[in-house]
Amino acid sequence: MRPRLSFRLFPMKKNWKTKLIHSDARVPEGFRSLSTPVYRASTVLFSNAAAVSDDWNQYEVGYTYGLYGTPTALELAGRICELENGVRTLLTPGGQAAISLINFTFLKTGDHILIPQSIYGPNRNFARAVLRRFGVEVSFYDPTIGAGIGELMKENTRLVWCESPGSITMEVQDVDAIAAVAHARKALVVLDNTWAAGVYLDAFAHGVDVTMQALTKYVGGHSDLLLGSITVKDEALYRQLGATHQLVGCAVSPDDCSLALRGMKTLAVRIKAIGESALELAKWLAERPEVEIVLHPSLASCPGHEFWKRDFTGATGVFSIVFNKRFTKKQVEAFVDSLELFEIGYSWAGVTSLAVAYDFGAAKGRPGYDHRIVRLNIGLEDVGDLRSDLEQAIEKMKSA
Ligand SMILES: Cc1ncc(COP(=O)(O)O)c(C=O)c1O
């Protein structure tokens, strides 16, 4: 016979209003499925008065408060950690929150931080607007600097950020060389591992101490959630981060974690298909006379391509193109506006192709691509249709 809802006799006679809060209804045990349950909670129950504890490290003390993650969040964190070959992972409400939490954890007034010019814009802006206000010395470096970073290191350099490939301009960094120099000078190396989805670059094998990812991107994979992760190579870094995480109050939504867990199941097939289409389109664009350079890490034309070949096991679907000098800003914008399948919007790595035009005209330390650079995010549409779309938009740009 199938188990039925059971009602236990309760010694206390309860008013219906109390029953709304303290029910005796029970469901059958033994349910199994393939999906991780969404555990929503702020309050977490303790078994007795003495067990009450406000400790963030739930791996050691058990569950204490929803802010530090319910089992849904902890499962996602554990799975990201496993994929990145780290020791522990903490989740944040977005990639940008992961960036700021890392900086808040490891920096103090008087420290110096080195950041590549190619870093994700809000990461750069956080350093300029917030870290400097708190008395942290901020320097930006050429992402292709490699071991030359030694010349920029100071007595007080505490953190060296890397992002490989860099945002929009796509420079692949010599992370091994940077890490060797940074470690010799007792600085920590942090890497934004979002483009590689935490799987195409084994960051810890290349000397990185802390990685972060915008899970918003490939792990989520469907442009409908915001989440971030921070993964560390040892327990001491985890303790430092965890203590700050608690005080900054970086709670994540269990519903978003559940979506990310679902996204993970198809990550391999999505990035394989997206990566193949992106490379095919990148090669096709490289042959077009209107294009000056294609910035795709698997093409020799991309700065640092040799480090992609040495360190990465694959390429995902974001790359940039730079049009020839004869094209005006208006024409480049006409190219983007003429695309019919590619949508215009931030946040990449979903299943829909996107295009965004950038203007580096006055940006210090960025290559001279000025208004001619367009970043493409390749999705899961048919690659032939995407190529036709790019082709017709290039024709319209020429006559704009
Ligand atoms: C490389 C990179 N890192 C971090 C982030 C920030 O992620 P989120 O949008 O989840 O805050 C982004 C977002 O575009 C990004 O492109």
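Residues numbered from 1 in each chain as written. Predicted model: local features only at pLDDT ≥ 70, side-chain atom pairs only at ≥ 80, totals over all residues. Heavy atoms only, no water.

Peer 1: It is not clear to me how the packing of aromatic side chains should be interpreted in this structure. Could you clarify?
Peer 2: What characterises a pair of aromatic rings is the spacing of the ring centres plus the angle enclosed by the ring planes. Inspection of the entire model under this criterion finds 9 aromatic pairs. Seen from their ring centres, F104 and F134 are 6.4 Å apart, and the 50° between their planes marks the pair as tilted. Taken together, the positions of F104 in helix α4 (residues 95-106) and F134 in the loop between α5 (121-131) and β5 (137-141) put the pair 30 residues apart, joining distant regions of the chain. Here the aromatic rings of F323 and F335 are separated by 4.9 Å at their centres, their planes lie at 70°, and the arrangement is edge-to-face. Taken together, the residues span a long stretch of sequence, with F323 in strand β11 (residues 318-323) and F335 in helix α11 (residues 329-338) at a distance of 12 residues. Residues F323 and F335 agree in their burial class; the two are buried. Within the aromatic cluster, the residues linked to one another by ring pairs are F104, F126 and F134. (Phe/Tyr/Trp six-rings, centres within 6.5 Å; stacked < 30°, edge-to-face > 60°. Helix = DSSP H or I, 4+ residues; strand = E, 2+ residues; numbered from the N terminus. Buried < 20%, exposed > 50% of the residue type's maximum accessible area, 1.4 Å probe, protein only.)

Peer 1: Sorry, what's going on with the confidence of the model for the protein here?
Peer 2: Interpretation of the predicted coordinates at a detailed level should be avoided for regions scoring low in pLDDT. Residues at a pLDDT of 70 or more form 97% of the protein, whose mean pLDDT is 96. Here residues 1-5 scores under 50 on pLDDT; set against residues more than four positions off or in separate chains, the count is 3 contacts. (pLDDT = per-residue confidence, 0-100. Contact = heavy atoms within 4.5 Å.)

Peer 1: I'm lost on helix α8 (residues 254-265) in this one. Help?
Peer 2: Since the α-helix packs 3.6 residues into each turn, any two residues three or four apart lie on the same face. Compared with the 16 Å implied by 1.5 Å per residue over 12 residues, the 17 Å span of α8 between its first and last C-alpha is a close match. Among all positions in α8, only P254, C257, A260, L261, G263 and M264 are buried. Around the axis of α8, the buried residues are gathered within 165° of arc, so they sit on the same side. Exposed residues pointing more than 90 degrees away from the buried face of α8 are listed as R262 and K265. Structurally, α8 contributes buried residues whose contacts are with α3 (71-84), β3 (88-92) and α9 (267-286). Two or three places before D255, at the start of α8, stands the capping residue S253, its side-chain oxygen 3.1 Å from that residue's backbone nitrogen. (Expected span 1.5 Å × (residues − 1). Arc of directions from axis to C-beta. Polar contact = N/O pair within 3.5 Å; in protein donor to acceptor, adjacent residues only side chain to side chain.)

Peer 1: Is there a simple way to explain the site of the ligand in this structure?
Peer 2: As a matter of local geometry, the ligand sits amid 13 residues, with G95, Q96, D192, T216 and K217 nearest to it. Contact between the ligand and Q96: an oxygen atom at 2.8 Å from a main-chain N or O atom of the residue. In the model, an oxygen atom of the ligand is placed 2.6 Å from a nitrogen or oxygen of the T216 side chain. Looking at the shell around the ligand residue by residue, the classes come out as 4 nonpolar, 6 polar and 3 charged. (Near = heavy atom within 4 Å. Nonpolar A, V, L, I, M, F, W, Y, C, P; charged D, E, K, R; others polar.)

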